[in-house]
Amino acid sequence: MKRRVAIVTGGSRGIGRACAAELAARGADIVISYRNGREAAEETARLCRERGASVLLVRGDVGIEEDCAALVKAAIDAFGSVDILVNNAGITKDGLLMTMSGEDFEAVIDTNLKGSFFMMKAVSRPMLRSKYGRIVNISSVVGLMGNAGQANYAASKAGIIGLTKSFAKEVAKKGITVNAVAPGFIETDMTAALGEKAGADMGALIPLGEIGRPEDIASAVGFLAGEEAGYITGQVISVDGGMSIA
Ligand code: NAP
């Protein structure tokens, strides 16, 4: 990879941290966005610097359009361009649909879906100007298959697939590719919150026989963000140990 500039939203931990480290190892400078976890973001920054990257940390909420615009501006002020966007920041607020509050539905849509929309909108001008861009949106196996107790999350992640395909068509002639990665069950804080038993139960349902690691997602993201993936756009790549074919 040539010296590129990559923004990774929610880069402070989990899948975002692994993506930032992967892109740094592939030669990109890294802008890490986080919402609360400054210390964790510092640790991601250290991992990226170890891999040769210059790093900028920016605090902000992807669910707020002004924060997304400020994040992109900060990246351009620091590094002169934005070449890669990984829309990774995400949350869950699980519950059965019949008892789910409107607030819990909206909170998940605001962060996961609107956040991805605001970020794509914010990078679109600089990417169009430079006639180059690689956007990778993190969806989920749940966006493809649905999941009881996660209607809000499934809707947000299915929505990300629609956003991905639509924006891919809008910018296809402008040197910009837009793809999604749909992780399965990956070992992070998000899934740790479900408890050890849920992890073990889930492992038994995965054709490859074990839950995934953040690095499994990061290698797919790194590939799609690279020069070599320039003929791939509007696609959803499942990285789920076969969950979506089980
Ligand atoms: P995680 O460990 O909970 O980390 C979430 C990250 O998102 C943190 O860096 C957090 O920042 C950031 N974040 C949350 N809300 C934000 C907001 N409003 N604005 C900015 N940043 C925000 O999650 P993960 O498991 O790595 O998941 C990363 C992505 O992969 C998510 O989109 C998730 O839906 C998706 N995914 C995960 C799995 C899985 O099994 N883990 C499966 C499929 C898809 P702070 O630390 O500062 O709060």
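You'll find the structure just up there.
Residues numbered from 1 in each chain as written. Predicted model: local features only at pLDDT ≥ 70, side-chain atom pairs only at ≥ 80, totals over all residues. Heavy atoms only, no water.

A look at the packing of aromatic side chains
Within this structure, the stated rule accounts for one aromatic pair. Seen from the ring of Tyr 132, Arg 4 lies directly overhead, with NZ or CZ sitting 3.6 Å from the centre. (Phe/Tyr/Trp six-rings, centres within 6.5 Å; stacked < 30°, edge-to-face > 60°. Lys NZ or Arg CZ within 6 Å of the ring centre and 35° of its normal.)

A look at the pattern of salt bridges
One pass over the structure, following the stated rule, counts 15 salt bridges. Among the ionic pairs, Glu 22 bridges to Arg 26, the shortest N-O distance being 2.9 Å. A relative accessible area of 22% means that Glu 22 is categorised as partly exposed. For Arg 26, a relative accessible area of 24% corresponds to the partly exposed category. Across the pair Asp 216 and Arg 213 runs a salt bridge whose closest N-O atoms are separated by 2.8 Å. Counted as one network, the salt bridges with shared partners bring together Glu 43, Arg 46, Glu 50 and Arg 51. (Salt bridge = Lys/Arg side-chain N within 4 Å of Asp/Glu carboxyl O. Buried < 20%, exposed > 50% of the residue type's maximum accessible area, 1.4 Å probe, protein only.)

Comments concerning the layout of surface pockets
If you add up the space inside the largest pocket, you get close to 1,200 Å³. Around the largest pocket, the lining is made up of 48 residues, and of these Gly 90, Thr 92, Tyr 153, Thr 188 and Met 190 lie nearest the centre. Across the lining of the largest pocket, the residue classes tally to 21 nonpolar, 21 polar and six charged. (1 Å grid on protein atoms, 1.4 Å probe; cavity = no way out; pocket = protein on both sides within 12 Å on 5 of 7 lines; lining within 4 Å. Points joined across faces, edges and corners; volume = space filled by probe spheres on them. Nonpolar A, V, L, I, M, F, W, Y, C, P; charged D, E, K, R; others polar.)

Focus: the site of the ligand
In the vicinity of the ligand there are 30 residues, among which Ser 12, Arg 13, Asn 36, Tyr 153 and Thr 188 approach most closely. A distance of 2.8 Å separates an oxygen atom of the ligand from a polar atom in the backbone of Ile 186. Here the ligand, which alone exposes 900 Å², has 97% of that area covered by the protein. The pocket occupied by the ligand, as judged from atoms lying within 2 Å of grid points, is the largest pocket. If you list the elements that add at least two residues to the shell around the ligand, you get helix H1 (14–25), helix H6 (151–171) and helix H7 (189–192). For the shell around the ligand, the per-class residue count stands at eleven nonpolar, 14 polar and five charged. (Near = heavy atom within 4 Å. Polar contact = N/O pair within 3.5 Å; in protein donor to acceptor, adjacent residues only side chain to side chain. Areas by Shrake-Rupley, 256 points an atom, 1.4 Å probe, with all protein chains shown as cover. Sits in = over half its atoms within 2 Å of the grid points. Helix = DSSP H or I, 4+ residues; strand = E, 2+ residues; numbered from the N terminus.)

A few points about the side chain of Ser 156
With respect to the helices and strands, Ser 156 occurs in helix H6. Here the side chain of Ser 156 touches Asn 112 through a polar contact of 3.2 Å, side chain to side chain.

Concerning empty space enclosed by the protein
All told, the structure shown has one cavity of 30 Å³ or more when counted by the stated rule. Its volume calculated, the largest cavity comes out at about 40 Å³. Lining the largest cavity, in full, are Ser 33, Val 58, Arg 59, Gly 60, Asp 61, Val 62, Asp 67, Cys 68, Leu 71 and Met 119. Sorting elements by how many residues they give to the lining of the largest cavity places helix H3 (residues 65–79) first, with three residues.

Re the packing of H3 against helix H4 (residues 102–130)
Contact pair H3 / H4: the axes reach a minimum separation of 9 Å and the direction vectors enclose 40 degrees. As judged from the angle between their axes, H3 and H4 are oblique. With respect to the hand of their crossing, H3 and H4 are arranged in right-handed fashion. Between H3 and H4, the residues in contact are Glu 65, Cys 68, Ala 69, Leu 71, Val 72 and Ile 76 and Gly 115, Phe 118, Met 119, Lys 121, Ala 122, Val 123 and Pro 126, respectively. Among the residues forming the contact of H3 with H4, the class breakdown is ten nonpolar, one polar and two charged. (Axes fitted to C-alpha atoms, helices over the stretch in contact; angles between N-to-C directions. Parallel < 35°, antiparallel > 145°, perpendicular 65-115°, else oblique. Left-handed = near helix turned anticlockwise from the far one by under 90°. Contact = heavy atoms within 4.5 Å.)

Some remarks on the packing of H4 against H6
In contact at an axis separation of 8 Å, H4 and H6 are set at 15 degrees when each is read in the N-to-C sense. By the angle class used here, H4 and H6 are roughly parallel. The handedness of the crossing between H4 and H6 is right-handed. Between H4 and H6, the residues in contact are Asp 104, Phe 105, Val 108, Ile 109, Asn 112, Leu 113, Ser 116, Phe 117, Met 120, Ser 124 and Leu 128 and Ala 151, Asn 152, Tyr 153, Ala 155, Ser 156, Lys 157, Gly 159, Ile 160, Leu 163, Phe 167 and Val 171, respectively. Residue classes in the contact of H4 with H6 are distributed as 14 nonpolar, six polar and two charged.

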